[in-house]
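The primary structure of each chain is shown beneath.
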Amino acid sequence: MRTALIVALMAVGVAGWAEVPDGWFEFTIGIPAEGSTVDASGLSPAPAGADGFVTIEDGHFVDGSGQRIRFLGTNVTFQYAFPEKELAPEIARRMAALGINIVRFHHMDNQFAPRGIWDPAFKDHQHMDAGQLDRLDWLVYQLKLQGIYTNINLHVSRMMGEADGFPDAEGRPKYDKGLDNFEPRMIELQKDYARDLLTHVNPYTGNAYVDEPCVAMVEITNEDSALRFALGNTLHTLPEPYATTLSGLWHDWLREQYADTNALRVAWDEGSEPLGEEMLRDPAFERGAEEWRLEAPAPAQGTLDVLEDPEHGRVLHASLTQTGTQSWHFQVHQVGHTLEDGRLYTVSFAAKADPPRSIYLNARYDVDDWRMVGLNERIDLDEQWREFSFTFRAKQPLPEHTRLSFNNTNSVGEVWYANISLRPGGSRGLPEGESLEAGTVSLPIASATAAARRDWLAFVMELERRYSVGMSDFLKDELGVRAAVTNTQATYGGAGGLLRESRMDYTDVHAYWQHPRFPGRPWDRANWLIPNTPMTAALGRDTLTRLAMFRLAGKPFTVSEYNHPAPNDYRAECMPMLAAVAAVQDWDGIFEFAYGGHPEDWATDAIDGYFAMSGDAAKLAMLPVAANLFRRGDVQRAPSVSRLALPMDRVAEFVRDNGGSVGQPGDLLHARQQIEWTDRDEPFVLSEHADGTWRAPVSWSPVEEDGGVFMVDTERTKVLLGPVAGRTVEVGGVTFDVGQTSNGYAALALTSMDGLPLAQSRRMLLVALNRVENQEMGWDEERTTVGREWGRGPTICEGVSLTVRIAGRDDLRAWPLAGDGTRREPIAGGEAISVGADLATIWYEVGNE
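Residues numbered from 1 in each chain as written. Predicted model: local features only at pLDDT ≥ 70, side-chain atom pairs only at ≥ 80, totals over all residues. Heavy atoms only, no water.

Structural notes on the overall build of the protein chain
Then step 1. Within the protein chain one finds 15 helices and 40 strands.
Then step 2. Whereas a compact globule of 849 residues would reach a radius of gyration of roughly 29 Å, the protein chain reaches 28 Å, a difference of no more than 12%.
Then step 3. Within the protein chain, buried positions represent 60% of all 849 residues.
Then step 4. In the protein chain, the share of contacts with a sequence separation of at least 24, taken over all contacts with a separation of at least 6, comes to 74%.
Then step 5. Within the protein chain, the 123 negative side-chain charges are centred at a point lying 2 Å from the centre of the 77 positive side-chain charges. (Helix = DSSP H or I, 4+ residues; strand = E, 2+ residues; numbered from the N terminus. Rg over C-alpha atoms; globule rule 2.2 N^0.38 Å. Buried < 20%, exposed > 50% of the residue type's maximum accessible area, 1.4 Å probe, protein only. Contact = heavy atoms within 4.5 Å. Lys, Arg positive; Asp, Glu negative; His and termini not counted. Charge placed at Lys NZ, Arg CZ, Asp CG, Glu CD.)

Written out as structure tokens, the structure is:
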């Protein structure tokens, strides 16, 4: 009853009990009323999979009738996969009405019931809870009835424990990622879980999940790559018995490549380079801290000095007593160095911290734009002295303007450094005394020669191939899974990740604009920061440009996690920008992450955390617009294609030299970006330009031109995002005359909901909003965090004064809409529609009925 009441209150936007600031109003979004202007459920034929299974034709998903299908989705996580059964029909109905046609089931394997799938009657993570499984089945069934497909994730966040036969979690990667790519018993347990879940018969659909047409996708493992860990040297520090297992596989692979130790030494010793002279000024701190700089701008307060330590003698000591406003507001660096492009360098030092913290070591410009020049390492420190050494190749350094920098992250405490050194060289081949025959060849580190590092990465890529192909074959050949299968996100491992995923049915990636940063303890909800700037002002530094670079030619492409996390003031831009770019690039699925985060969130009237969408009107209001842009096809794909061809036989060398990068970004809005493979020795770009002229439906101006404005101009939908307050902007025959807002920003959209062009449409949805937040949110002075003070609902929205005109029309009428999409009292119309904060809504119906 309580939940139903909250849903009802959400639908009408109830009055709060505290004063709302001038120009703001309370507004929440509930379940769109059937047939209302905001109801986008007509885009989703029901039930999902009625015509058969989703398959792949010509590099894209098609439904059972052979028609192209694009997916606009969300994620349900943890306990959200198992709602009480009376809630499931409302959940499914709301999602369908907002334009969602797929749900990704994520983090089900993390915990015991009620927050996860595991049965608490058992100590292991191998027995599914019957009640949880029943609730999952019912939700999948209800989603199916509303035309919503399912994406099932297998290994996401299960961490094996003692009851599973893995007693020592200390030293293992979080969720056993990377390790699970080669540890035999972990792989068998992954197969067991897949078998138990996917061959289970859903009593409500009557099908096992392997035979269920509404299951469109299966993901083997989330954000999981042994290659990524190899690049970060994490695999080098595995505890026993895993280190021995990895070493055995390593030696088996080496013996397939080299006849004996002699042959290995000849290959690896080529390019060895001993350490050169010290480059740092006053490395022994004989002049105190004179050669080092502390960067802790106000309001941060810190000190830098040199102390005597019984173990290391003179040591550099940095202390922060008052935090700053950015994650980099506690740095120590030495500036003014000259590095040679492409040359090898080694940085070594000892360090400790109290309290423990993560720091970042990097080499970068010491002048604007402060770019990295080849070194950027995260390091975990505690109260004990620990030795570190990193080797890197300089990438386009600026003479006399490289700084060696320790970013101690923005949290109160102390950090000590000793024996800091920067020297050229440091590359070595096969270490003395190591033998292939004796099985004593150590795992190559960053200071190894190019040949050794190439072999190490090629070996890890082979581990990933065996794992991903083996799991995919198991799912399809042994279990009979009919859904499309992918392994993990292609960005994990750079070009190596692309090669790994090229063996799967489709390619998937993740991205977040300004994900919260935690300068102290990871995921400390009291100590986090966001830059809080719009992505419209970041063309070229945005998330979408990089994502486009990981599209594999000939395969469907999805973005199964995407967000502009709260409380970013500009997050209303999230879904229309993602949908418009995805349509131009001809992607196949986009998923917001995530729907909610607490049991009440199915009916919440407040923003509850960084990622939860269910109570966030800034994102929910734009979902029907995104559905029209992407699913309905209002934005047409770019006819031109730009392909980056990578040499398949030299991927290990490419990853060695480029890390996670795959090249320079292309023209995001005028050509579809794709990756393909070539037998040539070097990468090259192949462009295919369409004949005739093509007017791009999406435009995005650089920030230096007009602050960065993003526009979509199609016959049926217009979108205007950016610093457009106080301006009159014409978008393809629709004029937006925008009033002033508190930050100069506005997010505006006008979309036809009857499928007709705006010039003839009788029913259109107008969305006009700026900031959306909870009441009593505890912002800091810089608006970069609210700490734990998220405030309370109902959410409040800053109104946008706006006059809209559609060329050639003088018959316009308009109705402010309630949170469920139902009409309120009409407003004056004719040639123009004028709206504002006094109408207390961000949704309007525009038409002539």
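There is more to say after this.
Focus on the nonpolar core
Then step 1. By size, the foremost hydrophobic cluster in this structure holds 189 residues, and its most contacted members are L197, L198 and L475.
Then step 2. Considering every element that reaches this core, the biggest residue donor is helix α8 (residues 450-479), with 13 residues.
Then step 3. Once you skip the residues sitting within four places of it in the chain, L198 turns out to touch I152, L154, A208, Y209, V210, L475, L479 and V481.
Then step 4. Core analysis: the second largest hydrophobic core is formed by 35 residues, A318, F388, L404 and V415 among them. (Core = buried A, V, L, I, M, F, W, Y, C linked by side-chain atoms within 4.5 Å.)

With respect to helix α6 (residues 242-257)
Then step 1. Spanning 16 residues, α6 covers 23 Å between terminal C-alpha atoms, matching the ideal 22 Å at 1.5 Å per step.
Then step 2. Residues of α6 that are buried: Y242, L246, W250, H251, W253 and L254. Along the long axis of α6, the arc covered by the buried residues comes to 165°, so they all point the same way.
Then step 3. In this fold, the buried residues of α6 make contact with α7 (261-269) and α8. (Expected span 1.5 Å × (residues − 1). Arc of directions from axis to C-beta.)

A short note on the packing of α6 against α8
Then step 1. As a packed pair, α6 and α8 sit with axes 10 Å apart at the nearest point and diverge in direction by 110°. Here α8 runs roughly perpendicular to α6, going by the angle between their axes. Residue-level contacts link L246, L249, W250 and W253 of α6 to D455, W456, A458, F459, E462, L463 and R466 of α8.
Then step 2. Here the residues of the contact of α6 with α8 sort into 8 nonpolar, no polar and 3 charged. (Axes fitted to C-alpha atoms, helices over the stretch in contact; angles between N-to-C directions. Parallel < 35°, antiparallel > 145°, perpendicular 65-115°, else oblique. Nonpolar A, V, L, I, M, F, W, Y, C, P; charged D, E, K, R; others polar.)

Digging into the packing of helix α2 (residues 88-97) against helix α3 (residues 130-145)
Then step 1. Remark: α2 packs on α3, axes separated minimally by 9 Å, with the N-to-C direction vectors making an angle of 35°. The element α2 and its partner α3 pack so that their crossing is right-handed. The residues of α3 that touch α2, namely those facing A88, P89, I91, A92 and M95, are W138, L139, Q142 and L143.
Then step 2. The class makeup of the residues in the contact of α2 with α3 is 8 nonpolar, 1 polar and no charged. (Left-handed = near helix turned anticlockwise from the far one by under 90°.)

Observations regarding the sheet that holds strand β1 (residues 24-26)
Then step 1. Sheet architecture is open: 3 strands sit in the order β1-β35-β34, paired in antiparallel fashion. Here the strands that pair on one side only, and so sit at the sheet edges, are β1 and β34 (772-775). Ignoring which end each strand starts from, the neighbouring axes of this sheet average 40° apart.
Then step 2. Here β34 pairs with strand β35 (residues 792-798) via 3 bridges, running antiparallel. Paired with Q775 across the strands is R792, a residue of β35. (Pairing = 2+ DSSP bridges.)

A closer look at the packing of aromatic side chains
Then step 1. Evaluated as defined, the whole model comprises 34 aromatic pairs.
Then step 2. On the basis of an interplanar angle of 65° and a centroid distance of 5.6 Å, the ring pair of Y512 and F611 is categorised as edge-to-face. One end of the pair, Y512, is in strand β21 (residues 507-512); the other, F611, is in the loop between β23 (589-592) and α12 (617-620), and 99 residues separate them in sequence. For the pair Y512 and F611, a shared accessibility class is recorded, and that class is buried.
Then step 3. Here the basic side chain of K85 rests over the ring of W138, its NZ or CZ set 5.4 Å away from the ring centre.
Then step 4. The aromatic ring of W815 is capped on one face by R823, whose charged end is 3.7 Å from the ring centroid. (Phe/Tyr/Trp six-rings, centres within 6.5 Å; stacked < 30°, edge-to-face > 60°. Lys NZ or Arg CZ within 6 Å of the ring centre and 35° of its normal.)

Some details on the sheet that holds strand β19 (residues 413-424)
Then step 1. Spatially, the 5 strands line up as an open sheet ordered β11-β12-β19-β14-β17, and their pairing is antiparallel. In this open sheet, the two edge strands, each paired with only one partner strand, are β11 (301-309) and β17 (386-393). Averaged over all pairs of adjacent strands, the angle between strand axes in this sheet comes to 30°, irrespective of strand direction.
Then step 2. Two elements, strand β14 (residues 344-354) and β17, share 8 bridges in a ladder whose sense is antiparallel. The residue of β17 that forms the bridge with Y345 is F392.

Things to note about helix α13 (residues 623-630)
Think of an α-helix as 3.6 residues a turn; residues three or four steps apart then line up on the same face.
Then step 1. In terms of burial, α13 is largely enclosed, as 8 of its 8 residues are buried.
Then step 2. Of all the positions in α13, only L623, P624, V625, A626, A627, N628, L629 and F630 are classed as buried.

Topic: the pattern of salt bridges
Then step 1. Following the criterion strictly, the structure yields 48 salt bridges and no others.
Then step 2. Between D713 and R695 there is a salt bridge, with the nearest N and O atoms lying 3.1 Å from each other. Note that D713 is positioned in strand β28 (residues 710-713) and R695 in the loop between β26 (684-688) and β27 (698-700), a separation of 18 residues in sequence.
Then step 3. When salt bridges that share partners are traced, they join R68, R70, D586, D588 and R637 into one network. (Salt bridge = Lys/Arg side-chain N within 4 Å of Asp/Glu carboxyl O.)

Brief notes about the confidence of the model for the protein chain
Then step 1. When pLDDT is averaged along the protein chain, the result is 94; 97% of the residues meet or exceed 70.
Then step 2. Low pLDDT (under 50) marks residues 1-17, which in the prediction has 30 contacts with non-local residues, meaning those over four places away or in another chain. (pLDDT = per-residue confidence, 0-100.)

Considerations on the side chain of R364
Then step 1. Residue placement: R364 occurs in strand β15 (residues 357-365).
Then step 2. One buried charged residue, R364, remains without a salt bridge, the closest side chain of opposite sign being D369 at 8.1 Å.
Then step 3. A polar side-chain atom of R364 sits 2.8 Å from the main-chain carbonyl oxygen of W370.
Then step 4. Apart from residues no more than four positions distant in its own chain, R364 is found in contact with W370, R371, M372, V373, H401, T402 and R403. (Polar contact = N/O pair within 3.5 Å; in protein donor to acceptor, adjacent residues only side chain to side chain.)

Some remarks on the side chain of Q674
Then step 1. The topology assignment puts Q674 in strand β25 (residues 672-678).
Then step 2. By relative accessible area, which is 8% here, Q674 ends up buried.
Then step 3. Polar contacts involving the side chain of Q674 include one to the side chain of R643, which spans 3.0 Å.
Then step 4. When residues no more than four places from it in sequence are discounted, the contact partners of Q674 are R551, A553, V641, S642, R643 and L644.

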